[in-house]
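Commentary on secondary and tertiary structure
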Amino acid sequence: MAGTSEERHKQASETRGGDFARFFGTWVRHPLKMGAVAPSSPAYCRTMVESATTHLDGPVLELGPGLGVVTRSLIEKGVAPERITSIEYDPEFARELQRRFPRVDVICGDGLDLSKTLADRPGLKYAAVLFAIPILNMPQKQRQALFTRYFDRLLPGGNVTQLSYLWTPPVKPVEGLFEVSHSPIVWDNIPPARVWIYERRTAPSGHA
Ligand SMILES: C[S@@+](CC[C@H](N)C(=O)[O-])C[C@H]1O[C@@H](n2cnc3c(N)ncnc32)[C@H](O)[C@@H]1O
């Protein structure tokens, strides 16, 4: 990127201000689809990315990227943009995301229905799924079924990380399949949030 570091800093804060206004405007029109009044904070995005199993060899799936704050954080952490597929429902956000990250595979579609949205790559498994789609209007059993399907898409050792403002796990563990833990609360996020981490249950010692 051209310009002095001062210019770059100014450009970044102008983008943050513009994104905030755009995000908030979309939230006013579609609060349930957006689920948040503002993009996640840089500290929150770093926590999300550090919690995700991107060190595994394989593609990375981002669901509900918005205007790309977590996408940017993934790339800053060293994940090659070509490894990232980002599925965003809002066509304007998806267009803007593709403009900002031309090497990321941006799909405008439904991240809750991967059998349809990723129908052209049925057997492909991911190193990590980073999830930020609002699902609180969904019954618990349906949330568990959804995350069970995400586990079918994960490589061995891969995890699902979820953005949430709740203080209890938005998706309860599924017996014999996955367990849930969380990051510390990131207080500078609006509102404060934590990352919920879903990992395959490890077999007790002595068992295969
Ligand atoms: C809470 S925002 C998170 C945005 C960004 N990841 C962040 O952390 O700031 C949720 C995003 O999910 C998108 N979304 C909502 N439903 C979706 C769906 N079914 N599939 C894909 N994206 C969806 C919304 O358009 C919005 O961009």
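You'll find the structure just up there.
First, a word on what this report is: a plain description of the structure on this page. (Residues numbered from 1 in each chain as written. Predicted model: local features only at pLDDT ≥ 70, side-chain atom pairs only at ≥ 80, totals over all residues. Heavy atoms only, no water.)

Right, let's get into the overall build of the chain. Within the chain, the secondary structure is distributed over 7 helices and 7 strands. The secondary structure elements of the chain, listed N-terminal to C-terminal, are α-α-α-β-α-β-α-β-α-β-α-β-β-β. Its C-alpha radius of gyration of 17 Å places the chain within 12% of the 17 Å reference for a compact globule of 208 residues. Taking all 208 residues of the chain together, 45% fall into the buried category. With the model as given, the accessible surface of the chain reaches about 11200 Å², and the carbon-plus-sulfur share is 58%. (Helix = DSSP H or I, 4+ residues; strand = E, 2+ residues; numbered from the N terminus. Rg over C-alpha atoms; globule rule 2.2 N^0.38 Å. Buried < 20%, exposed > 50% of the residue type's maximum accessible area, 1.4 Å probe, protein only. Areas by Shrake-Rupley, 256 points an atom, 1.4 Å probe, with all protein chains shown as cover.)

This part takes up the site of the ligand. Surveying the vicinity of the ligand reveals 23 residues, the closest of which are M34, S40, E88, D110 and G111. Measuring from an oxygen atom of the ligand, one finds a backbone N or O atom of G66 at 3.4 Å. One nitrogen or oxygen atom from the main chain of Y89 is found 3.2 Å from a nitrogen atom belonging to the ligand. Listed by contribution, the elements that provide at least two residues to the shell around the ligand are helix 2 (31–34) and strand 2 (84–88). Looking at the shell around the ligand residue by residue, the classes come out as 14 nonpolar, 5 polar and 4 charged. (Near = heavy atom within 4 Å. Polar contact = N/O pair within 3.5 Å; in protein donor to acceptor, adjacent residues only side chain to side chain. Nonpolar A, V, L, I, M, F, W, Y, C, P; charged D, E, K, R; others polar.)

Where empty space is left in the structure can be found by rolling a water-sized probe over the atoms. Applying the stated criterion across every chain yields a total of 1 cavity of 30 Å³ or more. Of the volumes computed, that of the largest cavity is approximately 30 Å³. Together, M48, E62, L63, G64, V70, L130, F131 and A132 line the largest cavity. At the level of secondary structure, the elements contributing two or more residues to the lining of the largest cavity comprise strand 1 (60–63) and strand 4 (126–131). Looking at the lining of the largest cavity residue by residue, the classes come out as 6 nonpolar, 1 polar and 1 charged. (1 Å grid on protein atoms, 1.4 Å probe; cavity = no way out; pocket = protein on both sides within 12 Å on 5 of 7 lines; lining within 4 Å. Points joined across faces, edges and corners; volume = space filled by probe spheres on them.)

Next up on the list: the nonpolar core. In terms of nonpolar packing, the biggest core is built from 24 residues, with L63, F131, F147 and V160 touching the most fellow members. Looking at this core, the elements with two or more residues in it are strand 1, strand 4, helix 7 (140–152), strand 5 (154–164) and strand 7 (194–200). The element that contributes the greatest number of residues to this core is helix 7, accounting for 4 residues. When neighbours within four sequence positions are excluded, L63 is seen to be in contact with I87, G111, L114, V129, L130, F131, A132, I133 and Y150. In terms of nonpolar packing, the next biggest core, distinct from the first, is built from 22 residues, C45, A52, L74 and I197 among them. (Core = buried A, V, L, I, M, F, W, Y, C linked by side-chain atoms within 4.5 Å. Contact = heavy atoms within 4.5 Å.)

Here the focus is the pairing of strand 7. A large share of strand 7 lies buried, amounting to 5 of its 7 residues. Here strand 5 pairs with strand 7 via 5 bridges, running antiparallel. Its bridge partner being in strand 7, T161 is matched across the sheet by I197. As paired strands, strand 6 (residues 178–182) and strand 7 are joined by 5 bridges and run antiparallel to one another. Of the residues in strand 7, the one forming a bridge with H182 is W196. (Pairing = 2+ DSSP bridges.)

Shape descriptors only; they carry no functional weight alone.
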